[in-house]
Amino acid sequence: MLVLSTSKGFTLVELVMTIVILGIVSATALPKFFSISAFQERGFFDDTLSAIRYAQKLAVASGCNVQVVIAANQFALKQTGASDRSQCASTTTSDFTQTVKRPGSGESSYQGSQSGVAVSNATIYFTAKGTASTGLDITVGSRKITVIQDTGFVYDSTP
């Protein structure tokens, strides 16, 4: 009587070939699923949206206009520099000399920038009533922020 023994499992060649195929697939396919530029764009979009919303809330809380300047892939929030509140209702760019501190961290200025992200240039003022100086759409990469003039409402209007 002849007894044949069979072993179960994979050979070394099969295991090596599986690893090689997985390496090739991961090197070609994974970059298509995750792009650092898309991640950076979304992060800068969220930061810009938050900054504009904060500017509107700060204008209401402080009773003075707040300026938001978006240009050259960056944004900045500023208030008037007058200590006597005489320029609170100003919309003259030269009056906005005091940078707004970043809430939470207390950084000296609420600014943000991101290279490689296309941003439409805009300057907008929020009043003590919370209204905006103008209604506009701001493009940050492939996404869009809309500001409603009459209410100062700021939202993500990306289709």
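For the structure, see preceding data.
Below is a summary of the structure that appears in this document. (Residues numbered from 1 in each chain as written. Predicted model: local features only at pLDDT ≥ 70, side-chain atom pairs only at ≥ 80, totals over all residues. Heavy atoms only, no water.)

**A few points about the sheet that holds strand β6 (residues 136-140)**
(1) Moving on: In space, the three strands of this open sheet follow the order β6-β7-β8, with antiparallel pairing throughout. Edge positions in the sheet fall to β6 and β8 (154-156), since each has one partner strand and no second. Each adjacent strand pair in this sheet contributes to an overall mean axis angle of 25°, direction not counted.
(2) Moving on: In the sheet, strand β7 (residues 143-147) pairs with β8 via three bridges, with the strands oriented antiparallel. (Pairing = 2+ DSSP bridges. Helix = DSSP H or I, 4+ residues; strand = E, 2+ residues; numbered from the N terminus. Axes fitted to C-alpha atoms, helices over the stretch in contact; angles between N-to-C directions.)

**A closer look at the side chain of Q79**
(1) Moving on: The topology assignment puts Q79 in strand β2 (residues 74-79).
(2) Moving on: Owing to a relative accessible area of 14%, Q79 belongs among the buried residues under this scheme.
(3) Moving on: In this view, Q79 contacts L58, S62, N65, V66, D95, F96, T97, Q98 and V100; residues no more than four positions away in its chain are not counted. (Buried < 20%, exposed > 50% of the residue type's maximum accessible area, 1.4 Å probe, protein only. Contact = heavy atoms within 4.5 Å.)

**A closer look at the pattern of salt bridges**
(1) Moving on: The final tally for this structure, using the stated rule, is four salt bridges.
(2) Moving on: Between D156 and R143 there is a salt bridge, with the nearest N and O atoms lying 2.7 Å from each other. Of this pair, D156 sits in strand β8 while R143 is found in strand β7, placing the two residues 13 residues apart along the sequence.
(3) Moving on: On the basis of relative accessibility, which here comes to 18%, the residue R143 falls in the buried class. (Salt bridge = Lys/Arg side-chain N within 4 Å of Asp/Glu carboxyl O.)

In short, the description is geometric, and any link to function would need to be established separately.
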